[in-house]
Amino acid sequence: MSLLDIAPVIPVVVIDDPETAVPLARALVAGGLPVIEVTLRTAGALEAVERIAAEVPEAVIGAGTIRTGADVTAAVAAGARFLVSPGSTPALLDAMEGGGVPFLPGVATASEVLALAERGLTEMKFFPAEAAGGLPYLKSLAGPLADVRFCPTGGIRLATAPDYLALPNVGCVGGTWLTPADALAEGDYARIEKLASEAAALR
Ligand SMILES: O=C(O)C(=O)C[C@H](O)[C@H](O)COP(=O)(O)O
């Protein structure tokens, strides 16, 4: 099954303390969102991926903020089952293609979509979704590029997610709203599970 079809929302998670990774992942899975993207933006991110991969087998754990070939290697070694990048360059695409796991390369323009389609790729992250044109932009792409599907991410929240999910070229959306920093700091996993279950009910 495609990454885009497992759940309506991919939580994008910034983990500072790897100790929080496992309970956080369990809360998201319990709420109905098994596909989880841990951004490689923090020192503890790779350890967080490793722990979730080892201890929460029900989660489909992936790594985001993939920017280099070294990131690909490190993320896959840590146990990432998919990769997400904020944008795409030929070198990064080569590296992700060599990673051996599914990946969602970031795009924000029709030319970038075409460059990926030339490589046979038809599933991508649309980033930064709201800032790059949001719903009207994605609707416009659906005309000439109807065979490409997106996971829009960037500025999307619970209230705006349904309009994105209603588009024929959107498989799922990504966002950080499921894991607020204060809930993580307080260890309020019940709140995270509730946010996840609201999002899981969107489809
Ligand atoms: O680091 C990355 O490569 C990313 O994944 C960027 C995230 O997709 C956005 O930061 C989403 O954040 P929100 O707009 O708060 O939902």
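Data block above holds the structure.
Given the structure is predicted, the values throughout are model-derived calculations rather than measurements.

Draft legend 1. Molecular detail of the environment of Asp-94. Note that Asp-94 resides in helix H4 (residues 90-97). Along the primary structure Asp-94 and Arg-119 are separated by 25 residues, whereas in three dimensions their C-alpha atoms are 10.0 Å apart.

Draft legend 2. Structural detail: the packing of aromatic side chains. By the definition in use, this model includes two aromatic pairs. Centre to centre, the rings of Phe-126 and Tyr-137 are 5.5 Å apart; their planes meet at 20 degrees, and the pair counts as stacked. Taken as a pair, Phe-126 in strand S7 (residues 123-126) and Tyr-137 in helix H6 (residues 134-142) lie far apart in primary sequence, 11 residues in all. Residue classification places Tyr-137 among the partly exposed residues on the basis of a relative accessible area of 26%. Both rings, one in Phe-126 and one in Phe-150, keep their centres 6.3 Å apart while their planes meet at 70 degrees; by these two values the pair is edge-to-face. Of this pair, Phe-126 sits in strand S7 while Phe-150 sits in strand S8 (residues 149-152), placing them 24 residues apart in sequence. Each residue in the set Phe-126, Tyr-137 and Phe-150 is aromatic and connected to the rest through ring pairs, giving one cluster.

Draft legend 3. Looking closely at the pattern of salt bridges. Summed over all chains, the structure comprises eight salt bridges. As a salt-bridge pair, Arg-149 and Glu-123 come within 3.1 Å of each other at their nearest N and O atoms. Placement of the pair is Arg-149 in strand S8 and Glu-123 in strand S7, with a sequence separation of 26 residues. Judged by its relative accessible area of 22%, Arg-149 is partly exposed. Put simply, Asp-5, Glu-123 and Arg-149 are held in one network by salt bridges that share partners.

Draft legend 4. Inspection of the site of the ligand at higher detail. Close to the ligand lie 14 residues, the nearest being Thr-65, Lys-125, Thr-153, Gly-155 and Thr-176. Note that an oxygen atom of the ligand is positioned 2.7 Å from one of the side-chain N or O atoms of Thr-65. Measuring from an oxygen atom of the ligand, one finds a side-chain N or O atom of Thr-176 at 2.4 Å. For the ligand, whose accessible area on its own is 410 Å², the fraction buried by protein is 86%. Grouping the amino acids of the shell around the ligand by side-chain chemistry returns three nonpolar, seven polar and four charged.

Draft legend 5. Seen up close, the sheet that holds strand S6 (residues 106-107). Taken together, three strands build an open sheet; the order of strands is S6-S7-S8 and the sheet is parallel. Where the open sheet ends on each side, the last strands, each with one partner, are S6 and S8. Sheet analysis places S7 next to S8, joined by four bridges and oriented parallel. When the bridges of S8 are listed, Phe-126 appears paired with Pro-152.

Cut-offs and rules
Residues numbered from 1 in each chain as written. Predicted model: local features only at pLDDT ≥ 70, side-chain atom pairs only at ≥ 80, totals over all residues. Heavy atoms only, no water. Helix = DSSP H or I, 4+ residues; strand = E, 2+ residues; numbered from the N terminus. Phe/Tyr/Trp six-rings, centres within 6.5 Å; stacked < 30°, edge-to-face > 60°. Buried < 20%, exposed > 50% of the residue type's maximum accessible area, 1.4 Å probe, protein only. Salt bridge = Lys/Arg side-chain N within 4 Å of Asp/Glu carboxyl O. Near = heavy atom within 4 Å. Polar contact = N/O pair within 3.5 Å; in protein donor to acceptor, adjacent residues only side chain to side chain. Areas by Shrake-Rupley, 256 points an atom, 1.4 Å probe, with all protein chains shown as cover. Nonpolar A, V, L, I, M, F, W, Y, C, P; charged D, E, K, R; others polar. Pairing = 2+ DSSP bridges.

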